[in-house]
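Residues per chain are reported as follows:
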Amino acid sequence: MTKPSPVDSPSLFPSRESVVDVLLPLAIGAAYSYRVPEGMELAPGDIVVVPLGTREVLGCVWPRAGGAPAVDPAKLKSIKRRYDVAPLQPAMLAFIEWMADYTVTPPGMVLRLALRHDESAGIGRERTGVYLTDRRPERLTKARTKVVEALFDGFVRSKSEAAREAGVSASVVDGLIDDGVLETVVLPPEPAAEVPDPEHSRPDLSPAQSEAAARLVDAVKARAFAPTLIDGVTGSGKTETYFEAVAQAIRQGQQTLILMPEIALTQAFLDRFARRFGVLPAEWHSAVSSKRRGKLFKGVASGEVSVVAGARSALFLPFRDLGLIIVDEEHDGAYKQEDGVHYHARDMAVLRARLEEAPIALVSATPSLETEVNTRRGRYTRLHLPERFTGTRVPRLEPIDLRKEGPPRGQWVAPRLAREMECTLEAGGQSLLFLNRRGYAPLTLCRACGHRLRCPSCSSWLVEHRFRRRLECHQCGYAMPVPSECPACHEPNALIPCGPGVERLHEEVVRLMPNARVQVLSSDLAGGVERMRAELKAIEDGEVDVVVGTQLVAKGHNFPGLALVGVIDADVGLGHGDPRAAERTFQLLHQVAGRAGRANVEGRAFLQTYIPEHPVMQALVAGDRDAFYDQEIAIREEAHLPPFARFCALIVSGTDNHAAQSHARALAACAPFTSEVRVLGPAEAPLALVRGRHRFRLLARSERAFDLSSYVRAWMAGAPRATGSLKVQIDIDPQSFL
DNA sequence: AGATAGACATAT
DNA sequence: TATGTCTATCTA
């Protein structure tokens, strides 16, 4: 593949050519053809407005596929107008086509991801500026005097700015314009983003960081595809290291995309960026207003915006000249898009980097299995940051065997951990107890008849949330008030909570340590984002002695003062047959342990488990990451699952076929890798679905559920045709584009 | 994605 | 026979 020209391709269609193909952001197989109006010049990548049926839609002029498609010329309609934005670059067009092919999705659906911003939003009204003339108002009111005084320096201000500075309403300013006291000028549009300064503040880097940064900078200078894994322990300064590569891209006048899992786009990251580059990066995620999105879209397309930090959707921004991609926390599951177009943003980022001929850095303390494998096979370069920047070490997890030294019945903190927490409290240190279970108790059962409360719609356990006085289903969101009697045998006051959730753990810690200030952190914390921010601040300021938290505490936020971390139930999430369970548990607990310790204090971490002999626990205790990956890779190979196996879903729709619908539901529940999954083996894939290199593999919830391969074969043979449609997502080797 | 044209089901 | 609801099909 040749490097596409970063600027507008000069290869316009010959002037006598009056028809172009336009890809529409719809689930249509191919681009449609449109007549080009007299005098309009179009090239592939241009965004245009075209008529479609009764309405008008946005589309993208698409390279003409080989061989003129036979469309009745009488059906051709004309392009309405060109949309005022820089054209999509050839690499972007290639990206859309590749990704569509790769994800078995119509290209239009991928284009839709790129054009999803509001068309009108970015255009923005013209801003009017005002300045003071020599003329003075005939009737001089108090408000008018204030305006004249405020603008006496003669500088141009926007209307709203002038009003604000003078402390009057905008109508006063308008009145003065009418009287000729103020003159108006058209102001240039506000810049889409501030310009980062690569030399704003050069950081002090450790030798390991400097070495890694130099390698990355070289890769940026080379302007070639080069995938790298930045693999460094928590606190090793991975961010500061890749910032040097970002700085180099800025110096070269190229753009950078920094992808992060939605949750990681925190103030902490933005602050660090601002410290290094003097300004905030352009942010792109679901909370950004549509007006702002429109503006950014244009700024990114024109090349004006040089650094974008965003969630996975930022991958579809129309960069003019992308010089570097960073995928922070590359192992994070949030990169996987599971509805609409199914894709993994990390893999698509690698694809995009290849097509843009740009280096890409995947960043993680606990790389995903596939990234580790790619690195071991030499497809990615490994840059290892072995030490913490502060000099303290990431603590080893000390195992607590719950079979031997478990807590008394009805309690969850082992005596040894409780003593350690007590010591930490006396020494003025902060502790964190980690339990990946929201609510009070994960299961409620009837003491009288043994009935267990299940969700009526999806049959998983109902989780008691004592604070909200509700039973909630964590699977589907169903909720009901806590009943006073058993729904099965109607025995009153017989329902008892089983097992711990963070709420219950909180209760226990308060009992164990009456003098400690204890705070629960859970994603369902009452009071929303505001409250969460306040609590995090309180923790940071040392106003909390013990934090009891779920998954949330493992990601994003930094707790600068943690001296002790205790994992309450390390076995949660293992043993459900999920092929990713071991990997996820390892990553999560490794990250949690990494929270302990600070600049001058070595932290300690404890791991409560019933299965200390389990490979995940052994690897965590030994701190031996390589051994863990070795094992995990071997297990996959034995099961004939490629280490890359990504997703598989079979979606059946149709009213007449109830069996098909229940199959679809079962599959939706198990794909991709969320519950017990069994490989039914390679089946003869329908030719229509399998394109060349894609291997076909079906995963089902269990052997008993149904034999999918024969089901699909029957379906393809037309047996239960009904009115349904069938979509099979195929297990693809995600590196097939490398 | 919409808009629309058929296929059934139900009201008038 | 008009009207509503659900789906599959089409848009150049």
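We now turn to the structure provided with this report.

Thresholds, definitions, all that
Residues numbered from 1 in each chain as written. Chains lettered and ligands numbered in written order. Predicted model: local features only at pLDDT ≥ 70, side-chain atom pairs only at ≥ 80, totals over all residues. Heavy atoms only, no water. Salt bridge = Lys/Arg side-chain N within 4 Å of Asp/Glu carboxyl O. Helix = DSSP H or I, 4+ residues; strand = E, 2+ residues; numbered from the N terminus. Buried < 20%, exposed > 50% of the residue type's maximum accessible area, 1.4 Å probe, protein only. Near = heavy atom within 4 Å. Polar contact = N/O pair within 3.5 Å; in protein donor to acceptor, adjacent residues only side chain to side chain. Nonpolar A, V, L, I, M, F, W, Y, C, P; charged D, E, K, R; others polar. Pairing = 2+ DSSP bridges. Right-handed = clockwise from strand over helix to strand, strands pointing away.

**Describing the pattern of salt bridges**
Tallied over the full model, the rule gives 35 salt bridges. Linking Asp 524 and Arg 468 is a salt bridge whose minimum nitrogen-to-oxygen distance equals 3.1 Å. Taken together, the residues Asp 524 in the loop between β26 (518-521) and α15 (528-540) and Arg 468 in the loop between β22 (462-465) and β23 (470-473) connect sequence positions 56 residues apart. Beyond isolated ion pairs, a larger network of salt bridges with shared partners links Asp 231, Glu 372, Arg 376, Arg 382, Arg 625 and Asp 630.

**Some remarks on unusual backbone geometry**
In most cases, non-glycine residues show a negative phi, while peptide bonds are predominantly trans. Positive phi, close to 50°, is recorded for Glu 329, a residue that is not glycine. Among the structural elements, Glu 329 can be located in the loop between β14 (322-327) and β15 (336-337). We classify Glu 329 as partly exposed; its relative accessible area is 23%.

**Focus: the protein's contact with DNA strand B**
Every residue close to DNA strand B is listed here: Leu 26, Thr 54, Arg 55, Met 109 and Arg 112. Between DNA strand B and Arg 55, the relevant distance is 2.7 Å, taken from a base nitrogen to a side-chain nitrogen or oxygen of the residue. Take Arg 112: an N or O atom from its side chain is 3.2 Å from a phosphate oxygen of DNA strand B. Class assignment of the residues belonging to the surface near DNA strand B gives a composition of two nonpolar, one polar and two charged.

**Some remarks on the pairing of β26**
Of the two faces of β26, the one holding Val 518 and Val 520 and the one holding Gln 519 and Leu 521 are both buried throughout. Inspection of the sheet shows β26 paired to strand β27 (residues 546-549) by four bridges, in the parallel sense. Within β27, the position partnered with Val 518 by the bridge is Val 546. Tracing the backbone out of β26, into α15 and back to the parallel element β27 gives a crossover that is right-handed.

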